[in-house]
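Analysis of the macromolecular model
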Amino acid sequence: MRSSPGFCAALAAYSVVGTAVGQNFTASVTLSLEDYWSLYVGPIEQASINTTVEATPVPTESLIPPPGLYYPPFPTGHEAPLQAKNESWAFPKDFKFGVSSAAYQVEGAAKDEGKGPSIWDVLSHRVPGYITTNETGDIANNQYYLYKQAVTHENKTARKFESLWASEVIVEYRNFKKDIARIAAMGVKVYSFSISWARIFPFGSGQVNEQGLAHYQDVIDTCLEYGVEPAITLFHWDLPLALQNSYGGLLSPKFIPDFLEYARTIFTRFGDKVDHFITFNEPTVVCGFYPLPEGYFKASNIPKQQQPYYCGQNLLIAHSQAYHLAKSLNLTAQITLKLNGGYKIPLTNSTADLEAVQRAWDWNEGLWAKPIFLDGDYPTSVKSYVSKFLPELTAEQKAALNGSADLFAHDAYTSHFYSAPDTGTDACVANSSHPLFPKCVNETWAYPAASGGWALGPAADPLVPWLHKATEWVPALMRYIQDTWKPRGGILVTEFGFAEPFEAQKTLLPDILLDQQRSAYFKGFMEGLLIAIAEGTNVVGALAWSLIDNLEWTSGNSVKFGLQYVNYTTQERYYKASFFHFADVFKKYHEQ
Ligand code: GBH
């Protein structure tokens, strides 16, 4: 196979094992990065823009707020909310008001500047139907090239837009791309994004790709130029393919040193400029990807049902070691991981359903939060299952886990009802072929028939069946987290957001932009946080998902979570009404 000269230092060893007539053979070949891409992924599309785009300013007309949604007839102007301000509500001065995204969902440039393939390049290119729309992240929002706006119209501009509803008009502004400039222009203080590990280490470990580091260096610097604080996630699901193929990715403890080396590289390069590092996005989801589809990755002999828990233990250990590594490097940044889940409401007040609620907490948040925030070990109900096959955490591992997060980062989209399996919990726990095993709880978003069978809130897009607006439960969720896991740095809501029903089917721009349900969601959620804070819960920030419409994993672009619409033909961005509602609640209640 060919080896391109630029990559002679970055080579993957690849073994072929087979059977010839009557005898076994093993052969090894050495692959260049280029060959590795073509063998496992195939051709990658190129965006028409593939160098970093320089400045044009945010157009003034795109900063005009929407008309109010609930006004009596004949409103006299833009957005003058009717209800008086609740004087006992406030977001503290240093509240982290932000928006979020993730590398594979927004960056594009999937094969550019030395990036290696991740498992998502394979899932999107090679596994039929894995992404229901057959889309890929090859181009996505092309944020890899469109993140920046050079500071020519500069600070003056940013300052102008500090007053959101400013009437100053700078006419030459065009509705352009420039993601970070558009964040700053809305008065947003934090941008939470993830780094693509395969840009830094194309094969997951070994040779560092300096181009990838230089890219993120500039993203961080651009954020800081605009007065936007970068919050960085190290792992948002796009595992370097080589790590999956060589040892099964997170299923193997070999993952731990590779993650640490990656973390060390990022901490060392960027530690002085970043205040928040998140090691893993949503471990329950990361580990729920296992078992991966068969035939595309190295096979594992770990039983399928157990794979999420092997993954979980390696992830926990990798997280705790990365935490201590950051401390040993004297980073001042706060280090944590992002969990996810809503408030858990018992479907009825039967003892069995109350027990189901406890199991739901244990199996969704508890298996991460209890070791990290309380005592280094799994909740009892989880432990009694995983101890059947996982090695027991050593005293040293438990000690390293205990206290290994500076604050509680939580993706808190919605809430659900929980009930015991019809067979009863014990029968399920004792039967590994029970469909609900090993968690053994039922989950729903509808009240029981006896209570009318209503949904607990308005539904999001039908392609996102897990998501309803349930913002009334936000204060209870915040309080539960604080009371149960007592995070010393408080709670940072790292994702919340809403898929406007049928938005992907809309074709007229003004109809797309006036996203009433998402607006109501953000308003309700922010009010929930204000109530939580007023009740004494230490909520330190709120990062909305998402900055922009983006590739929604297995749903592709068929559902939209953006606070901004993206025209994928031109890559233009447009603020949706919800962005103004979200920003308006913050502006109104932020302590000056
Ligand atoms: C976030 O996870 C992700 O971090 C982000 O990348 C993504 O774009 C965003 O959500 C919007 O989806 O089908 O009933 O089994 C959200 C948490 C956890 C929600 C797993 C979906 C599956 C529910 N996700 N959950 S179900």
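Residues numbered from 1 in each chain as written. Predicted model: local features only at pLDDT ≥ 70, side-chain atom pairs only at ≥ 80, totals over all residues. Heavy atoms only, no water.

1. Describing unusual backbone geometry
Condition: Only DSSP runs of H or I with at least four residues qualify as helices, and only runs of E with at least two residues qualify as strands; both kinds are numbered from the N terminus onward.
Here Phe 437 and Pro 438 are connected by a cis peptide whose omega angle stands at 0 degrees. Summarising the element assignment, Pro 438 is placed in the loop between helix H16 (425-429) and strand E11 (442-444). Cis geometry is found at the peptide bond from Trp 545 to Ser 546, where omega equals 10 degrees. Backbone geometry at Ala 140 places phi at a positive 45 degrees, although glycine is not the residue there. Mapped onto the elements of the fold, Ala 140 is located in the loop between helix H3 (119-126) and helix H4 (143-146).

2. Some details on the environment of Lys 298
As a reminder of what qualifies: Contacts are assigned to residue pairs with any non-hydrogen atoms lying within 4.5 Å of each other.
Mapped onto the fold, Lys 298 is located in the loop between helix H11 (283-288) and helix H12 (307-328). Considered as a pair, Lys 298 and Gln 244 are 54 residues apart in the sequence and their alpha carbons are 6.8 Å apart. With sequence-adjacent residues up to four places away left out, Lys 298 is seen in contact with Gln 244, Asn 245, Ser 246, Tyr 247 and Gly 248.

3. Some thoughts on helix H10 (residues 255-270)
Test applied: Helices are assigned an expected span. That span is 1.5 Å times one less than the residue count. Burial classification: accessible surface area is computed with a 1.4 Å probe over protein chains only, and a residue below 20% of its type maximum counts as buried, one above 50% as exposed, and the rest as partly exposed.
For H10, with 16 residues, the first-to-last C-alpha span of 22 Å sits near the 22 Å given by 1.5 Å per residue. Of the positions making up H10, those classed as buried are Phe 255, Ile 256, Asp 258, Phe 259, Leu 260, Tyr 262, Ala 263, Thr 265, Ile 266, Phe 267 and Phe 270.

4. Remarks on the side chain of Asp 121
Quick reminder of the rule: For the purposes of these results, a polar contact is taken to be a pair of N or O atoms within 3.5 Å, where, inside protein, one atom must be able to donate a hydrogen and its partner to accept one; residues adjacent in sequence count only when each atom of the pair is a side-chain atom.
Examined against the element boundaries, Asp 121 turns out to sit in helix H3. Judged by its relative accessible area of 0%, Asp 121 is buried. Only 2.9 Å separates the side chain of Asp 121 from the backbone nitrogen of Ser 118, close enough to count as a polar contact. Ignoring sequence-local partners within four residues, the contact set of Asp 121 consists of Trp 37, Val 41, Tyr 104, Ala 110, Lys 115 and Gly 116.

5. Some remarks on the sheet that holds E11
Heads up, the rule is: A pair of strands counts as paired when DSSP detects no fewer than two bridges linking them. Every axis in this analysis is a line fitted to C-alpha atoms, fitted for helices over the stretch in contact. Angles between the N-to-C directions lie between 0 and 180 degrees.
The strand order across the open sheet formed by three strands is E8-E10-E11, and the pairing between neighbours is mixed. If you trace the sheet from one side to the other, it starts and ends with strand E8 (344-346) and E11, each paired once. Sheet twist, expressed as the average angle between the axes of neighbouring strands with direction ignored, equals 40 degrees. Here strand E10 (residues 416-419) pairs with E11 via three bridges, running antiparallel. Along E11, the bridge assignment pairs Tyr 418 with Glu 443. Helix H13 (residues 351-375) rests against E8 and E10 of the sheet, and its axis sits at about 165 degrees to E8.

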